[in-house]
Amino acid sequence: MAKTIAEINEKIKKGQAVVFNAEEIIDFARNKGIKEAAKEVDVVTTGTFGIMCSSGAFFNIGHAKPRIKLGGGRTFFNDVPAYTGLAAVDLFLGANALPDDDPRNRIHPGEFNYGGGHVIEELVAGKDVRLVASAYGTDCYPRKKLETWINIKDMNQATLFNIRNAYQNYNVAVNTSNKTIYTYMGVLKPKLGNANYSSAGQLSPLFNDPFYKTVGIGTKIFLGGGTGYVAWHGTQHNPDAPRTEKGIPKDGAGTLAVIGDLKQMSPKWLVGTSVMGYGCSITVGIGLPIPILNEEILEYTTITDADIYAPVIDYSDAFPNLRSDKMGEVTYAELKSGKIKVKGQDVPTASRSSYPKALEIANVLKEWIDKGKFLLTEPVELLPGVESGVKMKPLKERPIED
Amino acid sequence: MTVSKKIVLRFPKRMVDRPIVYRLVKDFELEFNILKASITPEQEGLLVLELKGEQQEYDKGIKFLIKNGVEIQSLSQDVTRNEERCTHCGACITVCPTGAFKIEPKTRLVIFENEKCIACGLCIPACPPHAMEVHF
Ligand code: SF4
Ligand code: SF4
């Protein structure tokens with residue numbers, strides 16, 4: 001029996017919708033059978049809370065008196081540079097931005113204590129931030145300097161717009177070299193000393209809708225503690241990734257571009273992050289509701305950690321050299337057991353992405369839906385699927401000759 | 001009553017070449033376990049010890065150290081976790097040399113066992129939201 005999103009919303013409004021998180025649904029469907037479960041369940045909620053570098057926010061700070069044109073000038077939030085290639089008082093701040101005087105990796109590994117992600121966290125927390133700008137001055141925007149405290153509540157708009165989040169699957173990072181390396185996947189000890197992974201596995205949004213049959217442009221989501229929307233497919237979205245028989249990607253595959261009003265989000269779910277030896281970033285919380293439109297979709301949501309494989313990649317060699325050779329494949333069930341076997345060796349594992357917080361997000365979203373506070377939206381267009389022909393390409397370098 | 005405590009000893013350079021630990025063993029019958037030692041020439045020495053013995057003797061030993069100009073700190077206060085900032089990601093687990101972090105299997109929350117911490121400091125920069133804090 002197929003359902004529509006409109007029908008599910010009617011039930012949500014009446015407080016009658018049956019909602020499970022992506023962990024609970026596994027046992028429920030096992031006991032009831034797919035058919036019965038699909039009939040009974042209306043929504044399955046997912047969640048993820050991990051470091052998501054391609055994140056940032058647009059701000060309109062309002063016009064100063066006299067006016068100043070920041071576009072083409074230089075602007076800093078707490079010494080962190082914002083992008084000023086826009087109109088007079090529109091700015092973009094990326095999570096990876098660093099103060100000009102940050103020592104970066106001059107003494108390796110750098111600590112990267114404060115950057116764009118931290119500014120976003122402080123703004124969301126309602127803290128005043130120092131805005132310092134210089135401009136070249138025009139007849140209509142005469143001012144050349146601006147120094148002021150600024151608070152998110154006084155801005156016209158503060159819009160989180162993350163161009164790539166919620167990666168569907170990710171590498172397991174190891175290091176086969178003789179020295180410790182400091183990567184975006186964390187500290188990797190020499191000679192396969194540890195293995196770091198980064199996905200909530202069975203709770204992660206796109207693993208529960210592997211072919212993007214419900215998620216698309218306009219899908220309403222939990223974003224940073226508030227609500228947001230899927231804006232587009234994320235950069236590097238790669239439906240073409242190799243898949244298991246059940247269709248689960250065995251490699252990084254789909255991604256989401258997400259957008260939402262930063263003013264209603266919370267610093268609990270947007271956390272400024274430092275990646276030793278690598279840079280600054282932000283940890284973002286995302287929850288995707290999956291409408292159970294039919295049995296097929298219900299069945300996708302019953303995915304378990306044992307069904308999901310991730311590639312083990314050597315970050316001391318294959319990764320930096322953009323080679324795709326894998327050192328093996330492991331399941332998330334194995335990863336979560338605390339150790340995996342790589343080339344016959346026991347390697348202790350650690351996660352970069354928080355499973356308990358992902359579960360908390362799925363449960364918050366579930367509660368919102370249960371209480372009728374969150375209605376599902378009909379996507380205007382689904383994300384590009386396997387049949388779209390969308391692929392991820394490496395850069396084709398063409399030497400520039402004079 | 002026997003006690004077992006982890007302490008950080010900092011001693012001034014004039015003390016570096018004196019047999020402090022030997023005296024603790026001999027005069028106060030304390031057992032020791034060196035968790036970390038660093039002595040920089042011409043500077044102060046730092047010794048992280050687990051000391052075990054009778055409470056009375058332990059107290060006397062500590063008094064003896066203080067009298068000789070050794071600064072003592074209880075180790076458990078050295079590295080703490082800011083619970084508000086911890087995201088329970090787990091990045092610290094394989095970084096810590098003493099296994100002070102472990103996952104609670106049911107909830108998958110990351111538990112910090114302060115008693116196992118030797119204050120090596122490795123987790124401090126490696127924790128992405130900087131939840132681990134060191135206090136001197
Ligand atoms: S690395 Fe930091 S945030 Fe992550 S679990 Fe450990 S203490 Fe918590
Ligand atoms: S300071 Fe060292 S011993 Fe203590 S928890 Fe951190 S890594 Fe482990």
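Residues numbered from 1 in each chain as written. Chains lettered and ligands numbered in written order. Predicted model: local features only at pLDDT ≥ 70, side-chain atom pairs only at ≥ 80, totals over all residues. Heavy atoms only, no water.

Engineer: Would you mind going over the domain arrangement of chain A in detail, with residue names and values included?
Structural biologist: Residue and element names in this part refer to chain A. Looking at the assigned domains, one finds that chain A contains domain 1 (5-52 + 161-384) and domain 2 (59-158). On the side of domain 2, 25 residues touch domain 1, which itself brings 22 residues to the contact. Summing both partners gives a buried area of about 1700 Å² for domain 1 against domain 2, and 65% of it is carried by carbon and sulfur. On the domain 1 side of the contact with domain 2, Leu-262, Lys-263 and Cys-280 bury the most area, a combined 37% of that side's loss. For the pair domain 1 and domain 2, the interface holds zero salt bridges. Of all the secondary-structure elements, those providing two or more residues to the side of domain 1 that touches domain 2 are β18 (256-261), β19 (270-275) and β20 (279-287). For the side of domain 1 that touches domain 2, the element with the most residues is β19, which contributes six residues. (Domains from an automatic or database assignment. Contact = heavy atoms within 4.5 Å. Buried area = accessible area lost by both parts, 1.4 Å probe. Salt bridge = Lys/Arg side-chain N within 4 Å of Asp/Glu carboxyl O. Helix = DSSP H or I, 4+ residues; strand = E, 2+ residues; numbered from the N terminus.)

Engineer: Residues and numbers for the pattern of salt bridges, please.
Structural biologist: Residue and element names in this part refer to chain A. By the definition in use, this model includes 28 salt bridges over all chains. Salt-bridge contacts for Glu-24 lead to Lys-366; the nearest nitrogen and oxygen are separated by 2.9 Å. With Glu-24 in helix α2 (residues 24-32) and Lys-366 in helix α7 (residues 355-370), this residue pair connects regions lying 342 residues apart in the sequence. Relative accessible area serves as the criterion here: at 30%, Glu-24 is assigned to the partly exposed category. Of the residues examined, Lys-366 reaches a relative accessible area of 16% and is grouped as buried. The residue Asp-251 makes a salt bridge to Lys-326 at a minimum N-O spacing of 3.9 Å. (Buried < 20%, exposed > 50% of the residue type's maximum accessible area, 1.4 Å probe, protein only.)

Engineer: Account for the site of ligand 2, naming residues and giving values.
Structural biologist: Around ligand 2, the structure places 13 residues, and the nearest of them are Cys96(B), Cys117(B), Cys120(B), Gly121(B) and Cys123(B). Across the shell around ligand 2, the residue classes tally to eleven nonpolar, two polar and no charged. (Near = heavy atom within 4 Å. Nonpolar A, V, L, I, M, F, W, Y, C, P; charged D, E, K, R; others polar.)

Engineer: Talk me through the interface of chain B and chain A; I want residue IDs and the actual numbers.
Structural biologist: Contacts between the two partners involve 19 residues from chain B, matched on the other side by 26 residues from chain A. At the junction of chain B with chain A, the criterion picks out one salt bridge. Of the charged contacts in the structure, one is a salt bridge between Glu121(A) and Arg85(B), with a shortest N-O distance of 2.8 Å. Where chain B touches chain A, the interface holds nine residue pairs in polar contact (both at pLDDT 80 or more). Across the side of chain B that touches chain A, the residue classes break down as eleven nonpolar, six polar and two charged. (Polar contact = N/O pair within 3.5 Å; in protein donor to acceptor, adjacent residues only side chain to side chain.)

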